[in-house]
Amino acid sequence: MGVVTAMTVDFTTCDVAMLRAARAVAARLAEAGHAVLFAGGCVRDALLGRPFKDIDVATSATPDQVEALFVGHTVAVGKAFGVVLVLRDGFSFDVATFRTDGAYVDGRHPSGVCFATPEGDAARRDFTVNGLFCDPFSGVVRDEVGGVQDLAARVIRAIGDPAARFREDHLRMLRAVRFVSVLDFTLDPATQAAVAAHAAWLARVSAERIASEMTRLLCESPRPSVGLNLLRETGLLREFLPEVQALHGTRQPPRYHPEGDVWTHTCLMLDEVPAPRDPVLAWSLLLHDIGKPVTFCREVDAAGGEPLIRFPCHAPVGAAMAEAILTRLRQPAARVEQVKAVVAGHMQGVEAEKMRPATLRRFIGNPVFPVLLEVMRADIQHSNKLFGPWLFLKAAFEAYRAEPVLPPPLVRGRDLVAWGIAPGPRMGELLRALYDAQLEGRLTTRDQARVFMATLK
Ligand code: ATP
Ligand code: MG
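The shown structure was predicted, so the numbers you read here are calculated from the model rather than taken from an experiment.

### Thoughts on the overall build of the chain
Counting its regular elements, the chain contains 23 helices and 14 strands. Along the longest, intermediate and shortest principal axes, the C-alpha atoms of the chain span 85 × 60 × 40 Å. With 457 residues in all, the chain has 50% of them scored as buried. Put simply, of all contacts in the chain between residues at least 6 apart along the chain, 66% involve residues at least 24 apart. Accessible surface, the chain as shown: approximately 20,600 Å² in total, 56% of it carbon and sulfur. One finds the centroid of the 52 positive side-chain charges in the chain at a distance of 5 Å from the centroid of its 52 negative side-chain charges.

### Section: the environment of Ala 437
In this structure, Ala 437 sits in helix H22 (residues 425-439). Residues Ala 437 and Pro 357, spaced 80 residues apart in sequence, show a C-alpha to C-alpha distance of 9.6 Å. Apart from residues lying up to four places away in sequence, Ala 437 is in contact with Arg 442, Leu 443 and Phe 452.

### A short note on the site of ligand 1
As a matter of local geometry, ligand 1 sits amid 14 residues, with Arg 44, Asn 130, Asp 169, Arg 172 and Arg 216 nearest to it. Asn 130 places a main-chain nitrogen or oxygen 2.9 Å from an oxygen atom of ligand 1. With the chains in place, 77% of the 580 Å² that ligand 1 exposes on its own is no longer accessible. Most atoms of ligand 1, that is more than half of them, are within 2 Å of grid points of the largest pocket. The leading source of residues in the shell around ligand 1 is helix H7 (residues 171-183), at 4 residues.

### A look at the packing of helix H14 (residues 279-287) against helix H19 (residues 369-381)
The N-to-C vectors of H14 and H19 enclose an angle of 40°; their axes lie 10 Å apart at closest approach. When the axis of H14 is compared with that of H19, the two are oblique. H19 is crossed by H14, and the crossing has right-handed handedness. Taken together, the residues of H19 that come into contact with H14 (itself represented by Val 280, Leu 281, Ser 284 and Leu 285) are Val 371, Glu 374, Val 375 and Ala 378. Residue classes in the contact of H14 with H19 are distributed as 6 nonpolar, 1 polar and 1 charged.

### Description of H14
Taken across its 9 residues, H14 has 8 buried, putting it largely inside the fold. For H14, every residue scored as buried is listed here: Val 280, Leu 281, Ala 282, Trp 283, Ser 284, Leu 285, Leu 286 and Leu 287. A distance of 3.0 Å separates the backbone nitrogen of Val 280 from a side-chain oxygen at the start of H14, and that oxygen is part of Asp 278.

### What about the packing of aromatic side chains?
If you walk through the whole model with that rule in mind, you get 8 aromatic pairs. Here the aromatic rings of Phe 296 and Phe 311 are separated by 5.9 Å at their centres, their planes lie at 65°, and the arrangement is edge-to-face. With a gap of 15 residues between them, Phe 296 in the loop between helix H15 (292-295) and strand S13 (297-299) and Phe 311 in the loop between strand S14 (308-310) and helix H16 (314-328) connect regions that are remote in the sequence. Of the residues examined, Phe 311 reaches a relative accessible area of 11% and is grouped as buried. Summarising the aromatic geometry, the rings of Phe 363 and Phe 369 are spaced 5.8 Å apart at their centres and angled 70° between planes, so their arrangement reads as edge-to-face. Accessibility classification places Phe 363 together with Phe 369 in one group, the buried group. Three or more aromatic residues joined by ring pairs make a cluster, and in this case those are Phe 363, Phe 369 and Phe 397. Here the basic side chain of Arg 28 rests over the ring of Phe 70, its NZ or CZ set 5.5 Å away from the ring centre.

### Details of the pairing of strand S5 (residues 83-88)
Bridge count for strand S4 (residues 74-78) against S5 is 3 bridges, and the pairing is antiparallel. For Val 75, the partnering residue across the bridge sits in S5 and is Leu 85. Between S4 and S5, which follow one another and run antiparallel, lie 4 residues, and Gly 82 among them has a positive phi close to 85°. The pairing of S5 with strand S6 (residues 91-97) spans 6 bridges and is antiparallel. Along S6, the bridge assignment pairs Val 86 with Phe 93. Count of turn residues in the S5/S6 antiparallel hairpin: 2 residues, of which Asp 89 carries a positive phi of about 50°.

### Considering the layout of surface pockets
Volume-wise, the largest pocket comes out at about 1,500 Å³. Lining the largest pocket are 42 residues; nearest its centre among them are Gly 41, Asp 56, Arg 175, Arg 178 and Phe 179. The set of elements that each furnish at least two residues to the lining of the largest pocket consists of helix H2 (41-48), strand S3 (56-59), S6, strand S7 (99-101), H7 and helix H9 (207-220). If you tally residues by element for the lining of the largest pocket, the top one is H7, at 6 residues. In terms of residue class, the lining of the largest pocket is made up of 18 nonpolar, 4 polar and 20 charged. A volume near 930 Å³ is recorded for the second largest pocket. Counting only elements with at least two residues in the lining of the second largest pocket, the list comes to S14, H16 and H19. Across the lining of the second largest pocket, the residue classes tally to 18 nonpolar, 7 polar and 7 charged.

### Description of the pattern of salt bridges
Per the stated rule, a full pass over the model turns up 35 salt bridges. Residues Arg 99 and Asp 101 are paired through a salt bridge, measuring 3.5 Å at the closest nitrogen-oxygen approach. One connected set of salt bridges, linked through shared partners, spans Arg 356, Arg 362, Asp 436, Glu 440 and Arg 442.

### Structural notes on a nonpolar patch on the surface
Together, Val 75, Val 77 and Leu 87 line one region of the surface with nonpolar side chains, adding up to about 220 Å² of accessible area. Following the sequence through the fold, Leu 87 ends up in strand S5. With a relative accessible area of 36%, Leu 87 lands in the partly exposed category.

Calculation rules
Residues numbered from 1 in each chain as written. Chains lettered and ligands numbered in written order. Predicted model: local features only at pLDDT ≥ 70, side-chain atom pairs only at ≥ 80, totals over all residues. Heavy atoms only, no water. Helix = DSSP H or I, 4+ residues; strand = E, 2+ residues; numbered from the N terminus. Buried < 20%, exposed > 50% of the residue type's maximum accessible area, 1.4 Å probe, protein only. Contact = heavy atoms within 4.5 Å. Areas by Shrake-Rupley, 256 points an atom, 1.4 Å probe, with all protein chains shown as cover. Lys, Arg positive; Asp, Glu negative; His and termini not counted. Charge placed at Lys NZ, Arg CZ, Asp CG, Glu CD. Near = heavy atom within 4 Å. Polar contact = N/O pair within 3.5 Å; in protein donor to acceptor, adjacent residues only side chain to side chain. 1 Å grid on protein atoms, 1.4 Å probe; cavity = no way out; pocket = protein on both sides within 12 Å on 5 of 7 lines; lining within 4 Å. Sits in = over half its atoms within 2 Å of the grid points. Axes fitted to C-alpha atoms, helices over the stretch in contact; angles between N-to-C directions. Parallel < 35°, antiparallel > 145°, perpendicular 65-115°, else oblique. Left-handed = near helix turned anticlockwise from the far one by under 90°. Nonpolar A, V, L, I, M, F, W, Y, C, P; charged D, E, K, R; others polar. Phe/Tyr/Trp six-rings, centres within 6.5 Å; stacked < 30°, edge-to-face > 60°. Lys NZ or Arg CZ within 6 Å of the ring centre and 35° of its normal. Pairing = 2+ DSSP bridges. Points joined across faces, edges and corners; volume = space filled by probe spheres on them. Salt bridge = Lys/Arg side-chain N within 4 Å of Asp/Glu carboxyl O. Patch = residues over 30% accessible without salt bridge, like charges linked within 9 Å, V, L, I, M, F, W, Y side chains within 5 Å.

Put into C-alpha coordinates, the structure is as follows:
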(Lines give C-alpha, C1' and ligand atoms only; values in the text may rest on other atoms or scores of the structure.)
(Ligands and ions follow the chains in the order given, each with its own letter.)
Protein backbone atom coordinates (compact mmCIF):
# COMPACT_ATOMS: atom_id res chain seq x y z
CA MET A 1 0.00 0.00 0.00
CA GLY A 2 1.55 3.29 -1.10
CA VAL A 3 2.08 5.58 1.85
CA VAL A 4 3.05 8.85 0.20
CA THR A 5 0.68 9.22 -2.74
CA ALA A 6 0.83 11.22 -5.91
CA MET A 7 -2.26 13.10 -4.77
CA THR A 8 -2.17 16.59 -3.36
CA VAL A 9 -4.83 18.42 -1.47
CA ASP A 10 -5.70 21.92 -2.53
CA PHE A 11 -7.41 23.81 0.22
CA THR A 12 -9.76 25.86 -1.93
CA THR A 13 -12.85 24.72 0.01
CA CYS A 14 -11.72 25.98 3.40
CA ASP A 15 -11.52 29.37 5.04
CA VAL A 16 -8.28 31.09 3.99
CA ALA A 17 -7.66 32.64 7.41
CA MET A 18 -8.19 29.25 9.12
CA LEU A 19 -5.72 27.59 6.74
CA ARG A 20 -3.14 30.32 7.40
CA ALA A 21 -3.54 29.89 11.17
CA ALA A 22 -3.33 26.08 10.96
CA ARG A 23 -0.17 26.33 8.85
CA ALA A 24 1.37 28.71 11.38
CA VAL A 25 0.74 26.13 14.12
CA ALA A 26 2.19 23.39 11.91
CA ALA A 27 5.24 25.51 11.06
CA ARG A 28 6.01 26.04 14.73
CA LEU A 29 5.89 22.30 15.39
CA ALA A 30 8.00 21.53 12.31
CA GLU A 31 10.64 24.15 13.25
CA ALA A 32 10.96 22.46 16.63
CA GLY A 33 11.82 19.23 14.80
CA HIS A 34 8.49 17.40 15.12
CA ALA A 35 6.66 15.57 12.36
CA VAL A 36 3.36 17.29 11.62
CA LEU A 37 0.45 16.44 9.32
CA PHE A 38 -3.13 17.52 8.76
CA ALA A 39 -5.40 14.57 9.50
CA GLY A 40 -8.82 13.00 9.14
CA GLY A 41 -11.95 14.81 8.01
CA CYS A 42 -10.24 17.87 6.55
CA VAL A 43 -8.14 15.77 4.16
CA ARG A 44 -11.18 13.72 3.15
CA ASP A 45 -13.34 16.79 2.57
CA ALA A 46 -10.62 18.73 0.75
CA LEU A 47 -10.11 15.79 -1.65
CA LEU A 48 -13.87 15.63 -2.21
CA GLY A 49 -14.06 19.38 -2.82
CA ARG A 50 -16.39 19.78 0.17
CA PRO A 51 -16.25 22.76 2.51
CA PHE A 52 -15.00 21.97 6.05
CA LYS A 53 -14.94 23.78 9.34
CA ASP A 54 -12.01 22.20 11.22
CA ILE A 55 -8.43 21.32 10.53
CA ASP A 56 -7.09 18.59 12.82
CA VAL A 57 -3.34 18.49 13.32
CA ALA A 58 -1.46 15.26 14.07
CA THR A 59 2.12 15.36 15.32
CA SER A 60 4.97 13.37 16.83
CA ALA A 61 5.24 16.00 19.60
CA THR A 62 3.90 14.85 22.97
CA PRO A 63 1.18 16.89 24.69
CA ASP A 64 3.78 18.38 27.05
CA GLN A 65 5.92 19.44 24.12
CA VAL A 66 2.89 21.00 22.40
CA GLU A 67 2.03 22.95 25.54
CA ALA A 68 5.62 24.14 25.87
CA LEU A 69 5.65 25.42 22.27
CA PHE A 70 2.37 27.35 22.56
CA VAL A 71 2.53 28.58 26.16
CA GLY A 72 -0.60 30.48 27.15
CA HIS A 73 -2.42 29.46 23.96
CA THR A 74 -3.43 25.92 24.80
CA VAL A 75 -6.33 24.16 26.49
CA ALA A 76 -5.67 20.67 27.81
CA VAL A 77 -9.04 19.31 26.64
CA GLY A 78 -8.08 15.71 26.09
CA LYS A 79 -4.52 15.60 27.26
CA ALA A 80 -4.91 12.08 28.62
CA PHE A 81 -5.79 11.00 25.07
CA GLY A 82 -2.95 13.02 23.58
CA VAL A 83 -5.05 15.96 22.38
CA VAL A 84 -4.25 19.59 23.17
CA LEU A 85 -6.30 22.48 21.82
CA VAL A 86 -4.10 25.20 20.35
CA LEU A 87 -5.58 28.68 19.95
CA ARG A 88 -4.30 30.86 17.14
CA ASP A 89 -5.71 33.98 15.42
CA GLY A 90 -9.23 33.33 16.67
CA PHE A 91 -9.23 29.69 15.59
CA SER A 92 -8.72 26.59 17.68
CA PHE A 93 -7.09 23.42 16.45
CA ASP A 94 -7.00 19.92 17.90
CA VAL A 95 -3.32 19.04 17.98
CA ALA A 96 -3.15 15.31 18.60
CA THR A 97 -0.05 13.24 19.22
CA PHE A 98 0.22 10.24 16.86
CA ARG A 99 -1.22 7.47 18.96
CA THR A 100 -2.64 4.00 19.11
CA ASP A 101 -5.53 3.38 21.45
CA GLY A 102 -5.28 0.85 24.25
CA ALA A 103 -7.88 -1.85 24.80
CA TYR A 104 -11.52 -0.80 24.75
CA VAL A 105 -13.05 -2.42 27.78
CA ASP A 106 -16.52 -0.88 27.71
CA GLY A 107 -17.29 -0.44 24.00
CA ARG A 108 -16.93 3.31 24.34
CA HIS A 109 -13.53 4.51 25.56
CA PRO A 110 -9.99 3.27 25.15
CA SER A 111 -8.50 2.32 28.51
CA GLY A 112 -5.35 4.26 27.63
CA VAL A 113 -3.28 5.49 24.71
CA CYS A 114 0.27 4.87 23.50
CA PHE A 115 2.10 7.43 21.48
CA ALA A 116 2.99 6.08 18.09
CA THR A 117 3.81 6.70 14.45
CA PRO A 118 1.51 8.02 11.69
CA GLU A 119 0.91 4.40 10.59
CA GLY A 120 -0.29 3.45 14.06
CA ASP A 121 -2.35 6.59 14.28
CA ALA A 122 -4.10 5.91 10.98
CA ALA A 123 -4.92 2.37 12.07
CA ARG A 124 -6.84 3.49 15.19
CA ARG A 125 -9.18 5.70 13.10
CA ASP A 126 -12.62 4.45 12.11
CA PHE A 127 -12.94 4.40 8.30
CA THR A 128 -10.36 4.37 5.52
CA VAL A 129 -11.52 7.72 4.12
CA ASN A 130 -11.06 9.21 7.61
CA GLY A 131 -7.56 7.77 7.96
CA LEU A 132 -5.79 10.08 5.51
CA PHE A 133 -3.06 12.60 6.27
CA CYS A 134 -1.55 15.39 4.21
CA ASP A 135 1.50 17.57 4.45
CA PRO A 136 0.34 20.96 5.76
CA PHE A 137 2.41 22.91 3.24
CA SER A 138 2.73 20.85 0.03
CA GLY A 139 -0.64 19.17 0.47
CA VAL A 140 0.88 15.79 -0.50
CA VAL A 141 -1.42 13.04 0.72
CA ARG A 142 -0.18 10.21 2.91
CA ASP A 143 -2.38 7.14 2.81
CA GLU A 144 -1.68 4.27 5.20
CA VAL A 145 -5.05 2.55 4.88
CA GLY A 146 -6.31 2.65 1.27
CA GLY A 147 -8.45 5.70 1.87
CA VAL A 148 -7.66 7.36 -1.48
CA GLN A 149 -9.00 4.40 -3.41
CA ASP A 150 -12.14 4.21 -1.28
CA LEU A 151 -12.69 7.93 -1.66
CA ALA A 152 -12.55 7.55 -5.44
CA ALA A 153 -14.97 4.61 -5.27
CA ARG A 154 -17.12 6.52 -2.76
CA VAL A 155 -17.11 3.70 -0.21
CA ILE A 156 -17.16 3.76 3.59
CA ARG A 157 -15.04 0.83 4.81
CA ALA A 158 -13.87 0.08 8.33
CA ILE A 159 -10.11 0.08 8.84
CA GLY A 160 -9.13 -3.51 9.72
CA ASP A 161 -11.66 -6.07 10.91
CA PRO A 162 -15.05 -4.33 10.99
CA ALA A 163 -16.53 -6.39 13.82
CA ALA A 164 -13.45 -5.83 15.98
CA ARG A 165 -13.59 -2.09 15.33
CA PHE A 166 -17.30 -1.96 16.18
CA ARG A 167 -16.68 -3.97 19.33
CA GLU A 168 -14.15 -1.32 20.45
CA ASP A 169 -16.52 1.59 19.90
CA HIS A 170 -20.14 0.72 19.13
CA LEU A 171 -21.00 4.23 17.95
CA ARG A 172 -18.86 3.63 14.85
CA MET A 173 -21.76 1.57 13.41
CA LEU A 174 -23.95 4.65 13.41
CA ARG A 175 -21.09 6.86 12.21
CA ALA A 176 -20.68 4.52 9.22
CA VAL A 177 -24.29 5.08 8.22
CA ARG A 178 -24.05 8.82 8.86
CA PHE A 179 -21.00 9.14 6.58
CA VAL A 180 -22.66 7.05 3.84
CA SER A 181 -25.74 9.24 3.98
CA VAL A 182 -24.05 12.64 4.31
CA LEU A 183 -21.38 11.95 1.68
CA ASP A 184 -23.77 9.97 -0.54
CA PHE A 185 -21.36 7.01 -0.52
CA THR A 186 -22.08 3.30 -0.31
CA LEU A 187 -21.19 1.00 2.58
CA ASP A 188 -18.60 -1.69 1.95
CA PRO A 189 -20.48 -5.04 2.10
CA ALA A 190 -18.24 -6.59 4.79
CA THR A 191 -18.57 -3.45 6.93
CA GLN A 192 -22.35 -3.50 6.42
CA ALA A 193 -22.55 -7.18 7.35
CA ALA A 194 -20.70 -6.45 10.60
CA VAL A 195 -23.10 -3.60 11.43
CA ALA A 196 -26.07 -5.88 10.77
CA ALA A 197 -24.58 -8.66 12.89
CA HIS A 198 -23.83 -6.39 15.86
CA ALA A 199 -26.54 -3.72 15.69
CA ALA A 200 -27.72 -4.67 19.19
CA TRP A 201 -24.48 -3.28 20.63
CA LEU A 202 -25.81 0.22 19.94
CA ALA A 203 -28.06 -0.12 22.99
CA ARG A 204 -24.94 0.38 25.14
CA VAL A 205 -24.06 3.76 23.61
CA SER A 206 -25.14 6.95 25.37
CA ALA A 207 -28.28 8.64 24.09
CA GLU A 208 -26.42 11.93 23.52
CA ARG A 209 -23.85 10.39 21.18
CA ILE A 210 -26.56 8.53 19.25
CA ALA A 211 -28.72 11.63 18.94
CA SER A 212 -25.88 13.79 17.75
CA GLU A 213 -25.05 11.37 14.91
CA MET A 214 -28.71 11.02 14.00
CA THR A 215 -29.26 14.78 13.97
CA ARG A 216 -26.29 15.21 11.65
CA LEU A 217 -27.63 12.45 9.37
CA LEU A 218 -31.04 14.13 9.20
CA CYS A 219 -29.71 17.67 8.76
CA GLU A 220 -26.72 17.22 6.47
CA SER A 221 -27.62 14.35 4.11
CA PRO A 222 -28.54 15.39 0.58
CA ARG A 223 -31.08 12.52 0.79
CA PRO A 224 -31.73 11.37 4.38
CA SER A 225 -33.67 8.39 2.97
CA VAL A 226 -30.31 6.84 2.07
CA GLY A 227 -29.31 6.79 5.73
CA LEU A 228 -32.77 5.92 7.02
CA ASN A 229 -33.05 2.90 4.75
CA LEU A 230 -29.59 1.72 5.73
CA LEU A 231 -30.43 2.15 9.42
CA ARG A 232 -33.54 0.07 8.90
CA GLU A 233 -31.88 -2.64 6.81
CA THR A 234 -29.00 -3.08 9.26
CA GLY A 235 -31.29 -3.21 12.29
CA LEU A 236 -29.73 -0.12 13.93
CA LEU A 237 -32.96 1.87 13.73
CA ARG A 238 -34.88 -0.71 15.75
CA GLU A 239 -32.32 -0.28 18.54
CA PHE A 240 -32.81 3.42 19.13
CA LEU A 241 -35.95 4.51 17.24
CA PRO A 242 -38.37 1.55 17.17
CA GLU A 243 -41.25 4.01 16.70
CA VAL A 244 -39.73 5.21 13.43
CA GLN A 245 -39.08 1.64 12.34
CA ALA A 246 -42.83 1.03 12.79
CA LEU A 247 -43.61 3.55 10.04
CA HIS A 248 -42.32 0.96 7.61
CA GLY A 249 -45.22 -1.13 6.42
CA THR A 250 -47.89 1.12 7.96
CA ARG A 251 -50.35 1.37 5.09
CA GLN A 252 -52.20 4.58 4.24
CA PRO A 253 -55.37 5.24 2.26
CA PRO A 254 -54.30 5.21 -1.40
CA ARG A 255 -56.71 8.04 -2.18
CA TYR A 256 -54.78 10.50 0.01
CA HIS A 257 -51.41 8.82 -0.14
CA PRO A 258 -50.76 7.35 -3.57
CA GLU A 259 -47.02 7.33 -2.72
CA GLY A 260 -47.32 4.35 -0.35
CA ASP A 261 -46.74 3.62 3.35
CA VAL A 262 -45.90 6.12 6.08
CA TRP A 263 -42.20 5.29 5.84
CA THR A 264 -42.05 6.13 2.11
CA HIS A 265 -44.05 9.30 2.68
CA THR A 266 -41.68 10.43 5.47
CA CYS A 267 -38.56 9.65 3.40
CA LEU A 268 -39.89 11.59 0.41
CA MET A 269 -40.58 14.61 2.60
CA LEU A 270 -37.12 14.62 4.16
CA ASP A 271 -35.39 14.19 0.80
CA GLU A 272 -37.28 17.03 -0.75
CA VAL A 273 -36.31 19.70 1.79
CA PRO A 274 -32.80 20.79 0.80
CA ALA A 275 -29.82 20.36 3.16
CA PRO A 276 -28.64 21.80 5.45
CA ARG A 277 -31.89 21.39 7.40
CA ASP A 278 -32.51 23.07 10.71
CA PRO A 279 -32.60 20.37 13.45
CA VAL A 280 -36.13 21.25 14.59
CA LEU A 281 -37.36 20.99 11.00
CA ALA A 282 -35.48 17.76 10.36
CA TRP A 283 -36.77 16.02 13.50
CA SER A 284 -40.28 17.36 12.84
CA LEU A 285 -40.27 15.91 9.34
CA LEU A 286 -39.09 12.56 10.68
CA LEU A 287 -41.65 12.45 13.49
CA HIS A 288 -44.68 14.27 12.06
CA ASP A 289 -46.62 11.02 11.46
CA ILE A 290 -45.07 9.03 14.32
CA GLY A 291 -48.55 8.57 15.82
CA LYS A 292 -49.88 6.73 12.75
CA PRO A 293 -48.76 3.14 13.45
CA VAL A 294 -50.41 3.12 16.89
CA THR A 295 -53.64 4.84 15.78
CA PHE A 296 -54.09 2.82 12.58
CA CYS A 297 -57.64 1.49 12.20
CA ARG A 298 -59.90 0.30 9.42
CA GLU A 299 -63.53 1.11 9.05
CA VAL A 300 -66.08 -0.74 7.01
CA ASP A 301 -67.00 1.32 3.99
CA ALA A 302 -70.77 1.92 4.03
CA ALA A 303 -70.76 1.89 0.25
CA GLY A 304 -69.34 -1.64 0.34
CA GLY A 305 -65.89 -0.76 -1.00
CA GLU A 306 -62.46 -1.50 0.45
CA PRO A 307 -62.23 -0.90 4.24
CA LEU A 308 -61.20 2.71 4.91
CA ILE A 309 -57.89 3.32 6.69
CA ARG A 310 -57.93 6.04 9.35
CA PHE A 311 -55.56 7.34 12.02
CA PRO A 312 -57.80 9.05 14.57
CA CYS A 313 -55.96 11.61 16.74
CA HIS A 314 -52.60 10.69 15.26
CA ALA A 315 -51.30 14.27 15.65
CA PRO A 316 -51.80 14.65 19.43
CA VAL A 317 -50.77 11.03 20.02
CA GLY A 318 -47.72 11.66 17.82
CA ALA A 319 -46.86 14.85 19.72
CA ALA A 320 -46.70 12.94 22.99
CA MET A 321 -44.59 10.24 21.32
CA ALA A 322 -42.23 12.83 19.80
CA GLU A 323 -41.77 14.36 23.24
CA ALA A 324 -41.00 10.97 24.77
CA ILE A 325 -38.55 10.04 21.98
CA LEU A 326 -36.60 13.30 22.04
CA THR A 327 -36.50 13.35 25.83
CA ARG A 328 -35.18 9.79 25.80
CA LEU A 329 -32.50 11.00 23.34
CA ARG A 330 -31.66 13.80 25.80
CA GLN A 331 -32.38 16.59 23.36
CA PRO A 332 -32.49 20.18 24.63
CA ALA A 333 -35.84 21.10 26.17
CA ALA A 334 -36.48 23.87 23.62
CA ARG A 335 -36.01 21.45 20.72
CA VAL A 336 -38.33 18.90 22.32
CA GLU A 337 -41.06 21.53 22.81
CA GLN A 338 -40.76 22.88 19.29
CA VAL A 339 -40.88 19.51 17.56
CA LYS A 340 -43.79 18.51 19.78
CA ALA A 341 -45.67 21.68 18.76
CA VAL A 342 -45.10 21.01 15.05
CA VAL A 343 -46.22 17.39 15.30
CA ALA A 344 -49.29 18.45 17.28
CA GLY A 345 -50.16 21.23 14.82
CA HIS A 346 -49.49 19.61 11.48
CA MET A 347 -53.11 18.49 10.97
CA GLN A 348 -54.72 21.60 12.47
CA GLY A 349 -53.37 23.61 9.55
CA VAL A 350 -55.66 21.71 7.20
CA GLU A 351 -58.62 23.38 8.94
CA ALA A 352 -57.08 26.86 8.77
CA GLU A 353 -59.77 28.36 6.57
CA LYS A 354 -62.42 27.45 9.14
CA MET A 355 -60.53 28.86 12.14
CA ARG A 356 -61.88 31.79 14.12
CA PRO A 357 -59.67 34.86 13.56
CA ALA A 358 -58.27 34.71 17.11
CA THR A 359 -57.47 30.99 16.77
CA LEU A 360 -55.77 31.65 13.45
CA ARG A 361 -53.67 34.45 14.91
CA ARG A 362 -52.60 32.29 17.82
CA PHE A 363 -51.72 29.50 15.38
CA ILE A 364 -49.64 31.82 13.20
CA GLY A 365 -48.16 33.59 16.21
CA ASN A 366 -46.52 30.42 17.52
CA PRO A 367 -42.74 30.93 17.08
CA VAL A 368 -42.53 27.49 15.51
CA PHE A 369 -45.07 28.35 12.79
CA PRO A 370 -42.51 28.77 9.93
CA VAL A 371 -41.30 25.21 10.59
CA LEU A 372 -44.88 23.98 10.68
CA LEU A 373 -45.59 25.67 7.36
CA GLU A 374 -42.59 23.95 5.79
CA VAL A 375 -43.65 20.55 7.16
CA MET A 376 -47.18 21.13 5.83
CA ARG A 377 -45.84 22.06 2.41
CA ALA A 378 -43.71 18.92 2.14
CA ASP A 379 -46.58 16.83 3.56
CA ILE A 380 -49.04 18.05 0.94
CA GLN A 381 -46.48 17.83 -1.85
CA HIS A 382 -45.96 14.16 -1.03
CA SER A 383 -49.57 13.17 -0.55
CA ASN A 384 -52.71 14.54 -2.21
CA LYS A 385 -51.23 17.86 -3.47
CA LEU A 386 -54.23 19.85 -2.20
CA PHE A 387 -52.45 23.14 -1.44
CA GLY A 388 -55.52 25.28 -0.64
CA PRO A 389 -55.14 25.48 3.16
CA TRP A 390 -51.39 25.88 2.86
CA LEU A 391 -51.67 28.83 0.47
CA PHE A 392 -54.24 30.38 2.79
CA LEU A 393 -51.92 30.02 5.81
CA LYS A 394 -48.92 31.33 3.92
CA ALA A 395 -50.84 34.41 2.81
CA ALA A 396 -52.15 34.96 6.34
CA PHE A 397 -48.65 34.60 7.74
CA GLU A 398 -47.25 37.13 5.29
CA ALA A 399 -50.08 39.56 6.04
CA TYR A 400 -49.53 39.29 9.78
CA ARG A 401 -45.77 39.36 9.62
CA ALA A 402 -45.75 43.10 8.98
CA GLU A 403 -47.41 43.69 12.35
CA PRO A 404 -46.57 42.13 15.69
CA VAL A 405 -48.33 38.79 15.32
CA LEU A 406 -49.40 38.61 18.92
CA PRO A 407 -49.76 42.11 20.45
CA PRO A 408 -49.39 42.47 24.20
CA PRO A 409 -52.78 42.02 25.90
CA LEU A 410 -54.68 45.22 26.70
CA VAL A 411 -55.83 43.70 29.98
CA ARG A 412 -53.83 41.56 32.39
CA GLY A 413 -54.73 39.77 35.60
CA ARG A 414 -53.76 42.67 37.82
CA ASP A 415 -56.23 44.94 35.94
CA LEU A 416 -59.03 42.47 36.63
CA VAL A 417 -58.10 42.41 40.30
CA ALA A 418 -58.28 46.23 40.29
CA TRP A 419 -61.70 45.94 38.66
CA GLY A 420 -62.93 43.70 41.44
CA ILE A 421 -62.53 40.21 39.94
CA ALA A 422 -61.19 37.63 42.38
CA PRO A 423 -58.30 35.45 41.14
CA GLY A 424 -59.48 32.00 40.08
CA PRO A 425 -60.51 29.97 37.03
CA ARG A 426 -63.10 32.57 36.05
CA MET A 427 -60.35 35.16 35.76
CA GLY A 428 -58.54 33.00 33.21
CA GLU A 429 -61.73 32.66 31.15
CA LEU A 430 -62.28 36.42 31.17
CA LEU A 431 -58.69 37.17 30.17
CA ARG A 432 -58.94 34.75 27.29
CA ALA A 433 -62.25 36.20 26.07
CA LEU A 434 -60.85 39.74 26.29
CA TYR A 435 -57.71 38.78 24.40
CA ASP A 436 -59.75 37.01 21.69
CA ALA A 437 -61.84 40.16 21.26
CA GLN A 438 -58.65 42.23 21.06
CA LEU A 439 -57.10 39.92 18.45
CA GLU A 440 -60.26 40.11 16.40
CA GLY A 441 -60.08 43.91 16.44
CA ARG A 442 -63.23 44.41 18.54
CA LEU A 443 -61.29 46.05 21.40
CA THR A 444 -58.60 48.66 21.01
CA THR A 445 -58.54 50.39 24.43
CA ARG A 446 -58.72 49.36 28.06
CA ASP A 447 -61.87 51.40 28.58
CA GLN A 448 -63.58 49.45 25.83
CA ALA A 449 -62.30 46.29 27.48
CA ARG A 450 -63.83 47.24 30.81
CA VAL A 451 -67.22 47.88 29.22
CA PHE A 452 -66.95 44.68 27.23
CA MET A 453 -66.10 42.72 30.38
CA ALA A 454 -69.26 43.92 32.07
CA THR A 455 -71.20 42.18 29.27
CA LEU A 456 -69.39 38.92 30.05
CA LYS A 457 -69.83 38.82 33.80
P1 ATP B 1 -17.00 15.46 10.57
O2 ATP B 1 -16.31 16.51 11.41
O3 ATP B 1 -17.57 15.93 9.30
O4 ATP B 1 -17.91 14.61 11.37
P5 ATP B 1 -14.55 14.11 10.78
O6 ATP B 1 -13.96 12.99 9.96
O7 ATP B 1 -13.72 15.32 10.99
O8 ATP B 1 -15.89 14.45 10.10
P9 ATP B 1 -14.66 13.91 13.63
O10 ATP B 1 -15.72 13.27 14.47
O11 ATP B 1 -14.43 15.37 13.72
O12 ATP B 1 -14.98 13.46 12.15
O13 ATP B 1 -13.31 13.14 13.96
C14 ATP B 1 -12.06 13.47 13.41
C15 ATP B 1 -11.28 12.21 13.01
O16 ATP B 1 -11.09 11.41 14.18
C17 ATP B 1 -12.06 11.32 12.05
O18 ATP B 1 -11.80 11.67 10.70
C19 ATP B 1 -11.51 9.96 12.39
O20 ATP B 1 -10.26 9.79 11.78
C21 ATP B 1 -11.27 10.03 13.88
N22 ATP B 1 -12.44 9.55 14.67
C23 ATP B 1 -13.48 10.28 15.13
N24 ATP B 1 -14.34 9.52 15.84
C25 ATP B 1 -13.82 8.28 15.83
C26 ATP B 1 -14.22 7.04 16.40
N27 ATP B 1 -15.36 6.94 17.11
N28 ATP B 1 -13.43 5.98 16.20
C29 ATP B 1 -12.28 6.07 15.51
N30 ATP B 1 -11.85 7.19 14.94
C31 ATP B 1 -12.60 8.29 15.09
MG1 MG C 1 -14.27 16.99 12.27
